[in-house]
Amino acid sequence: MRKIDEILEDMTVRSSSKFPWRFVALLAVLAMIAAACGGTTAETTAAPDVTDTTSGTDTPDTTEGTETTTPPSVDGFEYKIAVIEDFTTDNFWTYLDTDNSVYNGYLLGGQAAAVYTQVAPNFTLAPSLAVDAVPPVGAADGDNWVISVPLRENLTWSDGEAIDANDVAFTFNTVKDLGLGGNWLGSIPLASEDDPETADVDESAVGLLSVEAADDYTVVYTFNGPPGLPLWQYGAAQFSVLPEHFWGPIAASAGDAETFEAASGEGAPSAGGFTYTTREEGAFARLSAAPYYDTGARTVVYENGAVEYTSPDGATETYGGTPEGEVVSDDVAGPYASEVVFTVTGGQDQAVLALTEGEVDFWLTPLGVQRGFLDRILAESDLEVITNPNSGFRYLSFNTRKFPMSDTGFRQAMACMIDKEFMANNVLQGVAISLDTTVPPANAYWHNPDIEAICAGLSQEERVAQAIQILKDAGWTWDVEPEWNADNLDVIPKGEGLKLNGESIGDLTVLAPGPGYDPLRATYSLFIEDWAQDLGIPLSAEPTGFNVIVEKVFGPVDWDMYILGWGTGVFPDYVVDFFESSQDSAEGGFNTPGFNNAEFDALAAEFKSATDLADAQQLVFQMEEIIAEEVPYVVLFTTPVLEAFRNNLSFPFTTGLGGIQQWNGSQVSVQSSQ
Amino acid sequence: MDTLQAPEEFEIPGDVELLLQHEPLWRIRLRLMRKSFKANWKLFKRNKVGVVGLVIIIMFALLGIAQPILFATGVWDKRVYDVRTGNDTRERIVEMTVVANVDDVVDPNTQIDRRRLIAEGRNVEVGDVIQRELKHPWPPDRNHLLGTDPNGSDILSQLMFGARAAFGLGLLAAAVTVFIATTVGSVAAYFGGWVDSFFMRFADLLLMLPILAVLIVASSFGRFKLWHLAIFLGLLGGFGGTAIVLKSQALAVKVKPFIDAARVAGGNNWRIVTAHLIPNVMPLSFLYVMFSVTGAISSEAVLSFLGLLNIDMSWGLMINKTQSAGYLLNPSTWWLIVPAGLAVTLLAGAFYLAGRGMDEIINPRLRNR
Amino acid sequence: MGRYVLKRFIQMVLLFLVFFALSWIALQAIPGNSIEQQLRLNPNLPPEAITQALERRGLDKPPLEQFWIYTQNFFTGDLGVSWSRYPQPVSSLIAERLPRTVMLFSVALLFQYLVGFQAGKYLAWRRNKRGEMVITIAGVSLFTVFYPWFGLMMILLFAVKLGWVPTNGFIVESIWRDAPLSANRMMVMMFTSLLLVTAFVGVTVWAAARLDRPSQRRMVKIGAWIVGVGAFFAYWLTSEYLVYAKDIAIHLVLPVSVLTMVGFAGVMLITRTSMLETMKEDFVLTARAKGLTEAMVRDRHAARTALLPVSTSLVLAVATVIDGGIITESIFGWPGMGQLLLASVIAEDIPVALAAFSFTGILALLGHFAADVLYGVLDPRIRVTSQG
């Protein structure tokens, strides 16, 4: 035995000097690993056969009928949702204050009531607890401004207690007395008190002095001046209302914000059809269906945003204008699901696995499903994918305090060179949607459809010519003028020695997130660098950490250009925040470009005090026109939100800004055909 | 974990040099070097593990060199193959018929399921014939031997660039590590006392750090580039674990007779350390070069994988981009992930194997019976 | 020995203080306070809300004062309150995460070292045979494989394609929704029972080695394994919590297997090297000369001495579990200390990050200390005083 072994080994050793079989062995090991991924090709293509039988029958037409007629039953299905980040609190107060993540919102967002609210999917302002179709404007009372709002009667929390004016007042007083912060103060604009220490704070700013219950069904809001749309209709009228009978004793015994916000929200009554029951941190969380005052109410939303609401007892009202155009959403309030079960998965790959393996029915994510997952998701024939634009934008910002970014011609020429269609269609290939305004088209009411980006629709060659012309008109000169070379389809020679009235440009830097943080903006910055250099602008892209960019642009103003993004709400008061000269980021505001335009400032001031929606709309249109002309920002693109769910689920709508995740997954309206 | 095993004793070829004083020293050294190189090469060759490593290293080195040559000779157009902005913008429009479901797709070149088009935001009906642009990532073809990424950039070109980045990073990190560790180890061993205590406690301190977390902290500092990472890794390794290993080796050398001889002959301390101690620690240092390269390449890949480095391109970043775009577990786009994953594994493994091979030469106790 | 331990202990305390201060400085020095940035980047927040949020976290004070307050609290046992998950106490976060990490990595290390040690023994014995080549290359390939990628490929193969194990996470919601106890308590119970069994088998086998007759030795050894493992299964199979234990166990299978695959080679190579060294020692030659069988020489003489560096490296491996856990825990969706460390560093949640840093630091210090003492106790040739 031993001998044969030795002979065999001898042979292999000798043969090894000619043929590197050991190397082959290594490759074989690695090939096995490769096979692990290659091998699945056959599997995944074959798999759909199994699920085929279920796919054909239960398409939307069967559910359409049920949607309007079937009375909701609480012994329904489990709405199983995957999320990729854990929930950090179960206390609604904490969620709105320090733990304001979208994920906490998905879990808790539904439980609060509100006097007025915005209706999905068009964000129509409509009453929720209130009686009147639009928030009353109120009247002056001495120095103050008093608004009295009548509430609907017979509305109850999930435990049967009445929702009344005392709850509204309680919520306001808790925020004020315990000193809660964060987004509470975003919707409850407290009036600054006469405090000698804060003498430099602008005390003339309008704020909310008190919220009181005049009787059980009348709330009285007192402001220290006439509030505009951002403060009242889109501010205080919409703040979250929580039940006094549950939270009151807790707040009283807690005494301070820290203790109060550490309290558990388990068992808190809800006004949204589901109450929070349990969670295992890092693994799952659950909501259970609960009595809902609005169950059976039908809400039909039309293309123009008008809402037709039929209450459970059959009375019909319309809000937000006269119904016109197609129906975009037809929703009879449930809850239909008996449970909403959130499973926390480790990451997006795991979430897609959970979805394709049938462990969950929906992956709820604010970022949307990445395009690369489509192959795997579409391979399962019972999964549906929808796409909607995100409510936000990524942009290039110029430091207009500094030469040459201070020159409008320079900014316009840069904006002209940036070919957004080429970037969105050819380079970023559908994962970016070209955008020209800070208010996106999907935000239909506030979007100005007449704005066109500088040089929109031009070819590369025409853009170069146009940009050169813009610069020339603004008084710029070159030592070597750039020229389009039709043979090479490139600018040859590139511009050199670009000067304005003899003043030349030093090296410029555009700060942009690195490819590890956001490949889209990283790629964009490199192309912008190229285009700028074509014109003779010595610009270089600098991949920089997000925190460093923020630190720089909101601090000392020694930067040139940067690329970042904003996630925005629907009400466009951010347009004021981003460009009003008093909001200069050097003084702690949000106007990073340091944009200073008297015409714009006047419009902004008018907008802030406007109380009429139509007026406000016209003002936003005009402000957007100035931004498009003066280009402190070049708005670059937004991303689509792709969402995937099992086709047994049916939602009242699938089109709308931000998609279904914008509305926390439509928990109370989702139905299942199984 | 295995950096802590220090072979206790080594053969010291340097002994000879004290005996032959009449020939110019550099010549003797050169001759000895050549001789020992030949002998060592023979030993190295006997251990096939090391040879496998070396072959892979050379393969990747060639790959790294090839890219600038392809650009310089004009075989590759920068606008298409550049790793940062390269983009194959040729339009590939195909005509496709819309079918209801993936299962109904008989020929993927002419048919497409409706759900995909809806996901892309195109509202179509079953039976429509549509023009559709063939989207990146493209599978491997004549122009792109390893296909393209989701942005239309060439994978092979990225892989080549990544090879240069990996070599640059790995070798720089290793050089810094070993230079510091050898110096610190030798000095600590030779002088002992508080010098020794200081450096060893410092090494302990570095070993206490959660390395990955520290790297994440470091990467959030401003413009943290690849070479910053290399030097940072070098410092961590050089003052940390490697210093401890090399110190114990230097201790073993310190007690050899020729060190005493040099001291008796009146050599100053510094000269003894640089001329006698360090050269004799060098073989083991060289071994740790190999292990450090492995460590550096893996560290970069992990950091890039977590999306924490602001760099143009690297293998780790290729994997990160694939993952964040959602192609990681997609077998039908294997070319996005397999080449980069294999490259990190192979090159890191190759340096490790080569190091193992060298271990056999340097550590006589491991030689054949 | 006593004096040495005391001296080392004082050094350890000093070293920890330096480490603590350095960690704080490093975290504090990260440009841009992300908590502040997050607040500032929200246009809906009035300036008061930002100031207030910073005040509540103590961020309005100058850094040195913050450090002083934090240090005082830290050393009086108050780890403070998380900044990013305000107002959750850091200690409750750690109490939530630690059992999960301990559970996963204790099992994984157990397997890594069992497999690695056996493979190393085999390698040293089959030097320059074909088996060595294959195992070395396979082991090293797995050892240097790009781990995040490999882990995900294994998920694809075993969880998705074959469906043998769950894809990620540590429990399944449907089983645990009405569970009478938390998953963490369950893990503590499982870990304790595992520890008891390991200790029992370990001690018995160690004691068995002192027996004279080989047949007795073998019998006691086998008996210990049967009793230990039997008791373990008997306990859990009859437990009312079996369904929960099973759920956690099945979630452990994939991460533990993958960790074993990528980690065993390190142990294997250490074992091999140290065995090759010991095999040159006189006592092994003597044993050979006595005519003992190869297996006897390998298992009873060479292997036992070679165990020393292996156990040292085990102790040190324990010390790096949290840092090493970052990747594993992210891939397998196992929310333990590693993920906590990663998230806190990225969010610049200094109280949590510093607590996690300190935790790893203390583990490392104790690990090194244990390794030194282990050397001193097990190998008389190395006196503790010679260790720097």
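Look up a bit, the structure's there.
Residues numbered from 1 in each chain as written. Chains lettered and ligands numbered in written order. Predicted model: local features only at pLDDT ≥ 70, side-chain atom pairs only at ≥ 80, totals over all residues. Heavy atoms only, no water.

Draft legend 1. How the structure looks around the side chain of T523 of chain A. As for its position among the elements, T523 of chain A is in helix 17 (residues 519-535). If we ignore the near neighbours within four places in the chain, the residues touching T523 of chain A are M423, V427 and L428 of chain A together with N151 of chain B. (Helix = DSSP H or I, 4+ residues; strand = E, 2+ residues; numbered from the N terminus. Contact = heavy atoms within 4.5 Å.)

Draft legend 2. Focus on the side chain of T182 of chain B. Residue and element names in this part refer to chain B. Inspection of the secondary structure puts T182 in helix 5 (residues 155-191). Residue T182 is classed as buried on the basis of its relative accessible area, which comes to 5%. Polar contacts involving the side chain of T182 include one to the side chain of S285, which spans 3.0 Å. With residues up to four places along the chain from it excluded, the contact list for T182 reads L246, I278, V281, M282 and S285. (Buried < 20%, exposed > 50% of the residue type's maximum accessible area, 1.4 Å probe, protein only. Polar contact = N/O pair within 3.5 Å; in protein donor to acceptor, adjacent residues only side chain to side chain.)

Draft legend 3. The state of the cysteines, seen in detail. Residue and element names in this part refer to chain A. All chains considered together, the criterion is met by 1 disulfide over all chains. Disulfide pairing places C416 opposite C455 at an S-S distance of 1.9 Å. With the S-S dihedral at roughly -95°, the linkage between C416 and C455 falls on the left-handed side. Highlighted residues: C416 in helix 14 (residues 408-417) and C455 in the loop between strand 20 (433-434) and helix 16 (460-473), separated in sequence by 39 residues. Assessed through its relative accessible area of 0%, C416 is described here as buried. On the accessibility criterion, C455 (10% relative accessible area) is buried. (Disulfide = S-S within 2.5 Å.)

Draft legend 4. Local environment of the pairing of strand 6 (residues 144-150) of chain A. All names here are of chain A. Of the two faces of strand 6, only one is covered, namely that formed by W145, I147 and V149; the face formed by N144, V146, S148 and P150 stays uncovered. Hairpin connection between strand 5 (residues 139-141) and strand 6: a loop of 2 residues separates the two successive antiparallel strands, and G142 in this loop has a positive phi of roughly 65°. Sheet topology places strand 6 next to strand 8 (residues 218-223); 6 bridges connect them, and they run antiparallel. Bridge pairing in strand 8 links I147 to Y221. (Pairing = 2+ DSSP bridges.)

Draft legend 5. Structural view of the sheet that holds strand 27 (residues 539-544) of chain A. All names here are of chain A. On the basis of which strands lie adjacent, the open sheet formed by 6 strands has the order 20-29-19-28-26-27 and mixed pairing. Edge positions in the sheet fall to strand 20 and strand 27, since each has one partner strand and no second. Looking at chain direction, strand 20 and strand 29 (residues 633-638) are connected through 2 bridges and run antiparallel. Bridging across to strand 29, I433 finds its partner in T638. This element, helix 17, spans strand 19 (392-398), strand 26 (508-513), strand 27, strand 28 (561-567) and strand 29 of the sheet and lies at about 165° to strand 27. (Axes fitted to C-alpha atoms, helices over the stretch in contact; angles between N-to-C directions.)

Draft legend 6. Representation of the pattern of salt bridges within the structure. In the structure shown here, the tally under the stated rule is 37 salt bridges over all chains. Between R521 of chain A and D518 of chain A there is a salt bridge; the shortest N-O distance is 2.4 Å. Across the pair, D518 of chain A and R521 of chain A agree in class, each one buried. The partner of E580 of chain A in a salt bridge is K608 of chain A, and the shortest N-O contact between them spans 3.3 Å. Taken together, the residues E580 of chain A in the loop between helix 19 (574-579) and helix 20 (598-609) and K608 of chain A in helix 20 connect sequence positions 28 residues apart. By relative accessible area, which is 7% here, E580 of chain A ends up buried. One continuous salt-bridge network, built from bridges that share partners, spans E78, R286 and E339 of chain A together with E173, R177 and D178 of chain C. (Salt bridge = Lys/Arg side-chain N within 4 Å of Asp/Glu carboxyl O.)

Draft legend 7. Quick look at the nonpolar core. Of all hydrophobic cores here, the largest spans 354 residues; its most connected members are Y79, V168, Y221 and F342 of chain A, W315 of chain B together with M186 of chain C. Dropping the residues within four chain positions of it, F342 of chain A is found in contact with I81, V83, F87, Y106, L107, A283, F284, A285, L287, L364 and Q667 of chain A. In this structure, F398, V464, L508 and L526 of chain A belong to the second largest nonpolar core, which totals 47 residues. (Core = buried A, V, L, I, M, F, W, Y, C linked by side-chain atoms within 4.5 Å.)

Draft legend 8. Focus on the sheet that holds strand 5 of chain A. Residue and element names in this part refer to chain A. Strand order in the open sheet made by the 4 strands is 5-6-8-7, with antiparallel pairing throughout. Taken across any chain shown, the strands that pair with only one partner, and hence form the sheet edges, are strand 5 and strand 7 (208-215). This sheet shows a mean twist of 30° between the axes of neighbouring strands, independent of strand direction.

Draft legend 9. View of a nonpolar patch on the surface. On the surface, L6, F9, I10, V13, L14, L17 and F75 of chain C cluster together into a nonpolar patch covering about 670 Å² of accessible area. Among the elements that make up the nonpolar patch, the one with the highest residue count is helix 1 (residues 2-29) of chain C (6 residues). (Patch = residues over 30% accessible without salt bridge, like charges linked within 9 Å, V, L, I, M, F, W, Y side chains within 5 Å. Areas by Shrake-Rupley, 256 points an atom, 1.4 Å probe, with all protein chains shown as cover.)

Draft legend 10. Spotlight on the packing of aromatic side chains. Residues and elements named next belong to chain B. The full count for this structure, using the stated rule, is 76 aromatic pairs over all chains. A centroid spacing of 6.3 Å and a plane angle of 0° characterise the contact between F198 and F202, whose relative ring orientation is stacked. Here F202 and F198 lie together in helix 6 (residues 193-208), a separation of 4 residues that amounts to about one turn. On the basis of an interplanar angle of 75° and a centroid distance of 5.5 Å, the ring pair of F202 and F239 is categorised as edge-to-face. One end of the pair, F202, is in helix 6; the other, F239, is in helix 8 (residues 226-239), with 37 residues separating them in the sequence. When the ring centre of F71 is taken as reference, the NZ or CZ atom of K78 above it lies at 5.0 Å. (Phe/Tyr/Trp six-rings, centres within 6.5 Å; stacked < 30°, edge-to-face > 60°. Lys NZ or Arg CZ within 6 Å of the ring centre and 35° of its normal.)

Draft legend 11. Structural detail: the packing of helix 14 (residues 321-331) of chain C against helix 15 (residues 337-346) of chain C. All names here are of chain C. It is at 7 Å that the axes of helix 14 and helix 15 come closest, and there the two elements cross at 95°. In this view, helix 14 runs roughly perpendicular relative to helix 15, as classed from their interaxial angle. Contact residues: helix 14 offers I322, G325, I326, E329 and S330, while helix 15 offers M337, G338, Q339, L341 and L342. Residues belonging to the contact of helix 14 with helix 15 are distributed by class as follows: 5 nonpolar, 4 polar and 1 charged. (Parallel < 35°, antiparallel > 145°, perpendicular 65-115°, else oblique. Nonpolar A, V, L, I, M, F, W, Y, C, P; charged D, E, K, R; others polar.)

All quantities given are derived from atomic positions and should not be read as evidence of function.
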